[in-house]
Amino acid sequence: MQSSSEKLSPFDLNHLMTTILKGVSMDPSNVSSDAGISPLAALVENRELLTVLTTAVALLIGCVVVLVWRRSSSQKSSKALEPPRPLIVNTEPEPEEDDGKKKVTVFFGTQTGTAEGFAKALAEEAKARYEKATFKVIDLDDYAADDEEYEEKFNKESLVFFFLATYGDGEPTDNAARFYKWFTEGKEKGECFQNLTYGVFGLGNRQYEHFNKIAKVVDEQLAEQGGKRLVPLGLGDDDQCIEDDFAAWRELLWPELDQILRDEDEATVATPYTAAVLEYRVVLHDCTDSSQLANGLIKANGHSVHDAQHPCRANVAVRKELHSSASDRSCTHLEFDISGTGLVYETGDHVGVYCENLIETVEEAERLLGLSPNTYFSIHTDKEDGTPLSGSSLPPPFPPCTLRTALIQYADLLSSPKKSALLALAAHASDPSEAERLRYLASPTGKDEYAQWIVANQRSLLEVMAEFPSAKPPLGVFFAAVAPRLQPRYYSISSSARMVPSRIHVTCALVYETTPTGRIHKGVCSTWMKNAVPLEESNDCSWAPIFVRTSNFKLPADTKVPIIMIGPGTGLAPFRGFLQERLALKEAGADLGHAVLFFGCRNRKMDYIYEDELNHFVKSGAVSELVVAFSREGPTKEYVQHKMAEKASEVWNIISQGGYIYVCGDAKGMARDVHRTLHTIVQEQGSMDSSKTESYVKNLQMSGRYLRDVW
């Protein structure tokens with residue numbers, strides 16, 4: 001039949017569909033007449049084509065209906081619940097706009113967030129002071145992907161500031177480690193820093209031997225490589241009031257920046273700047289929304305790489321007390337089960353543990369805030385329209401939850417409050433006298449009283465809030481400006497992955513002490529570990545988000561190299577891992593070098609931890625000699641450094657023959673005493689003068705043969 005051979009051109013089909021959808025009559029004059037028949041007539045005669053088009057139209061209408069319905073339902077749910085918007089990481093480099101303004105970059109290397117907070121505070125005030133400059137705050141770890149990019153980017157910088165914390169035994173923070181390695185090692189940086197004007201502020205603690213080492217090294221080497229130091233190196237001391245140190249350094253900085261960032265005709269005296277009290281935008285939710293919201297926000301193991309930002313959930317498999325019943329102290333052996341998590345570690349690494357506040361502490365905080373523990377809320381760093389809140393110092397928000405959960409998991413309630421927290425409390429104190437007192441404590445004139453009343457007396461945040469009951473900060477202020485984030489606690493892993501790859505062992509002494517105010521201070525994580533319910537006792541066992549932090553505290557690559565290990569108390573932890581490792585290597589056929597372990601405790605009947613294991617390591621040959629100092633058994637106290645001195649000849653022989661020496665434990669006391677004893681041994685046994693001794697010991701450290709894991 002002729003009708004079956006009739007065809008419509010693509011244009012005709014397109015025109016026909018448009019006409020049908022618009023619901024108007026089709027003008028035959030607008031359709032191609034090549035076929036000799038109108039498209040509508042052809043469509044009527046061609047039933048197959050009519051069926052196809054009818055189906056297509058129906059599907060199209062159905063899709064539109066579904067789309068409208070889904071959009072409507074999503075809008076309803078978004079009004080009911082508003083979880084924080086996820087941070088969008090832009091992997092594409094931002095185009096650098098030449099707006100004629102002076103570019104200033106502020107870098108930070110932080111472990112607990114203090115250096116980051118100072119960096120952002122400096123940038124905020126500088127933005128208010130200098131309108132003709134732009135300030136960018138950058139995490140050192142995010143600045144460059146490799147060494148070449150570091151050099152390429154620093155070549156483009158002209159004015160920079162570094163806020164650098166030092167932790168442990170003079171080590172850089174995790175996020176500054178890559179930069180520091182590039183900066184201090186490898187090839188010459190060429191003219192990378194020759195046109196650079198810079199300032200450095202360090203964050204450290206004078207109680208530690210390598211006070212502010214990282215900041216000192218960066219400041220010195222920048223000057224040596226041609227950089228121009230704008231302001232003297234700032235040395236923040238967390239043992240006193242590091243906020244005062246920062247404030248004093250910052251005041252030295254402004255006159256110097258005025259010379260660079262102000263025009264001659266501008267006023268030299270800036271408008272007095274008062275930092276705004278940080279505050280999240282808070283959204284309260286109905287309790288009925290909580291189950292729906294919480295389902296997808298529990299910390300899970302969905303990341304291929306676990307770190308402080310992406311910990312994995314690990315069950316407590318084993319928990320046991322290491323001290324005898326005769327001891328008035330406590331030490332916990334804990335084992336995390338990491339099978340199936342993807343988490344791996346090496347002997348000598350550290351484990352970071354996110355723990356929880358005690359319920360008694362949390363209930364006190366709820367009482368002081370005057371809010372229900374079931375208050376369900378979310379915090380946000382942007383306004384309702386999506387634009388960022390003023391100020392860039394807000395930490396990333398935590399997931400929506402109840403007030404009780406937020407206080408348990410995210411708020412540091414027992415540390416002494418910073419001065420910025422006192423100002424935030426003052427801003428929300430209804431009693432004028434309390435507000436005035438809080439502002440005085442935070443002021444330069446109240447410096448001495450702050451140092452005594454808060455720092456020396458170890459007053460916690462909750463104790464201070466109890467002294468000023470009219471201060472009731474709203475949730476957005478409390479979590480942004482009053483209570484710092486609860487930080488992970490780090491422990492030297494006391495096991496070997498070669499022997500127990502599916503377990504991470506922790507050896508933790510209980511912190512339980514009376515502060516000068518009479519408060520009983522219970523360590524947050526050590527108390528949690530002591531009370532943890534292990535899997536061997538209940539399927540409903542305790543668990544914690546954990547991650548591994550790599551360490552350079554490693555055994556020599558050559559198993560035949562002799563070693564000396566010094567670790568009293570829980571300083572034994574990494575050496576237990578070392579000895580497990582050596583035993584596994586020996587059983588695999590490796591030749592082991594001579595190994596001496598100096599261990600110390602108070603009394604063999606009270607706190608001689610892992611005694612049976614240590615004796616087994618001796619019998620099996622994992623350790624050649626075990627030397628134990630008992631400080632409370634004889635008429636005089638005897639410590640590990642005394643045992644070292646007794647064996648000075650053997651210690652010197654091992655070191656002089658290329659051996660390694662390891663120290664783990666308290667940095668403020670034991671590690672210093674051991675270091676002095678080592679100096680004495682080297683000087684006397686090696687017949688060196690003081691200068692050569694100092695150089696010799698320093699060379700041991702620089703070559704990686706004298707390693708310390710201290711806290």
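See above for the structure.
The rules behind the values
- Residues numbered from 1 in each chain as written.
- Predicted model: local features only at pLDDT ≥ 70, side-chain atom pairs only at ≥ 80, totals over all residues.
- Heavy atoms only, no water.
- Buried < 20%, exposed > 50% of the residue type's maximum accessible area, 1.4 Å probe, protein only.
- Helix = DSSP H or I, 4+ residues; strand = E, 2+ residues; numbered from the N terminus.
- Arc of directions from axis to C-beta.
- Axes fitted to C-alpha atoms, helices over the stretch in contact; angles between N-to-C directions.
- Parallel < 35°, antiparallel > 145°, perpendicular 65-115°, else oblique.
- Contact = heavy atoms within 4.5 Å.
- Pairing = 2+ DSSP bridges.
- Phe/Tyr/Trp six-rings, centres within 6.5 Å; stacked < 30°, edge-to-face > 60°.
- Lys NZ or Arg CZ within 6 Å of the ring centre and 35° of its normal.
- Salt bridge = Lys/Arg side-chain N within 4 Å of Asp/Glu carboxyl O.

Trainee: Could you clarify how one ought to interpret helix α11 (residues 359-369) in this entry?
Mentor: Side chains that are three or four residues apart share a direction in an α-helix, a result of its 3.6 residues per turn. Listing the buried residues of α11 in full gives T361, V362, A365, E366, L368 and L369. The buried residues of α11 occupy an angular sector of 165 degrees when projected down its axis, which confines them to one face.

Trainee: When you look at the packing of helix α6 (residues 147-154) against helix α7 (residues 177-184) in this model, what are you seeing that I'm missing?
Mentor: Packed helices, taken two at a time, are described by their axes: the angle between them and the distance between them. Contact geometry for α6 and α7: axes closest at 10 Å, N-to-C directions at 80 degrees. By the criterion of interaxial angle, the relationship of α6 to α7 is roughly perpendicular. Across the interface between the two elements, D147, Y150, E151 and F154 from α6 touch R178, F179 and W182 from α7.

Trainee: It is not clear to me how the sheet that holds strand β22 (residues 660-665) should be interpreted in this structure. Could you clarify?
Mentor: Sheets are built from strands that pair by backbone hydrogen bonding, the pairs being arranged parallel or antiparallel. Spatial strand order, β21-β20-β19-β22-β23: five strands in an open sheet with parallel pairing. Across the chains shown, the open sheet's two edge strands, defined by having one partner strand only, are β21 (625-630) and β23 (706-710). Mean inter-strand twist for the sheet, computed between neighbouring axes without regard to direction, equals 10 degrees. As paired elements, strand β19 (residues 563-566) and β22 share four bridges and run parallel to each other. Residue pairing in the sheet places I564 in a bridge with I661 of β22. Helix α23 (residues 670-685) contacts β19, β22 and β23 of the sheet and is inclined by roughly 155 degrees relative to β22.

Trainee: Can you walk me through the sheet that holds strand β11 (residues 350-353) in this structure?
Mentor: Reading across the sheet, the six strands line up as β14-β11-β18-β9-β10-β15 and stay open at both edges, with antiparallel pairing between neighbours. Lying at the two open borders of the sheet, with one neighbouring strand each, are β14 (489-492) and β15 (503-509). Across the sheet, the axes of successive neighbouring strands diverge by a mean angle of 40 degrees, strand direction being ignored. Inspection of the sheet shows β11 paired to β14 by four bridges, in the antiparallel sense. When the bridges of β14 are listed, H350 appears paired with S492. Contacts from helix α19 (residues 573-587) reach β10 (331-337), β14 and β15, with the element oriented near 145 degrees to β15.

Trainee: How should the packing of aromatic side chains be read in this particular structure?
Mentor: Two measures describe an aromatic ring pair: the distance that separates the ring centres and the angle between the ring planes. Enumeration over the complete set of coordinates arrives at 43 aromatic pairs. Centroid distance F478 to F479: 5.1 Å. Interplanar angle 90 degrees. Geometry classified as edge-to-face. The two residues F478 and F479 agree in class, both being buried. The ring of W543 is capped by R313, whose NZ or CZ atom sits 4.0 Å from the centre of that ring. R437 extends its terminal NZ or CZ atom over the ring of W453, reaching a point 5.6 Å from the ring centre.

Trainee: Just checking my understanding: could you explain the pattern of salt bridges for this structure?
Mentor: Close approach of charged atoms allows side chains with opposite charge to pair. Inspection of the entire model under this criterion finds 35 salt bridges. With a closest N to O distance of 3.3 Å, D141 and R178 form a salt bridge. Here D141, found in helix α5 (residues 140-143), pairs with R178, found in helix α7; they are 37 residues apart in sequence, far enough to count as distant. Here E149 and K153 are joined by a salt bridge, their closest N and O atoms 3.6 Å apart. Here the residue E149 and the residue K153 both occupy positions in helix α6, the gap between them amounting to four residues, near one helical turn. With relative accessibility at 25%, the residue E149 sits in the partly exposed group. One salt-bridge network, held together by shared partners, links E125, R129 and R250.

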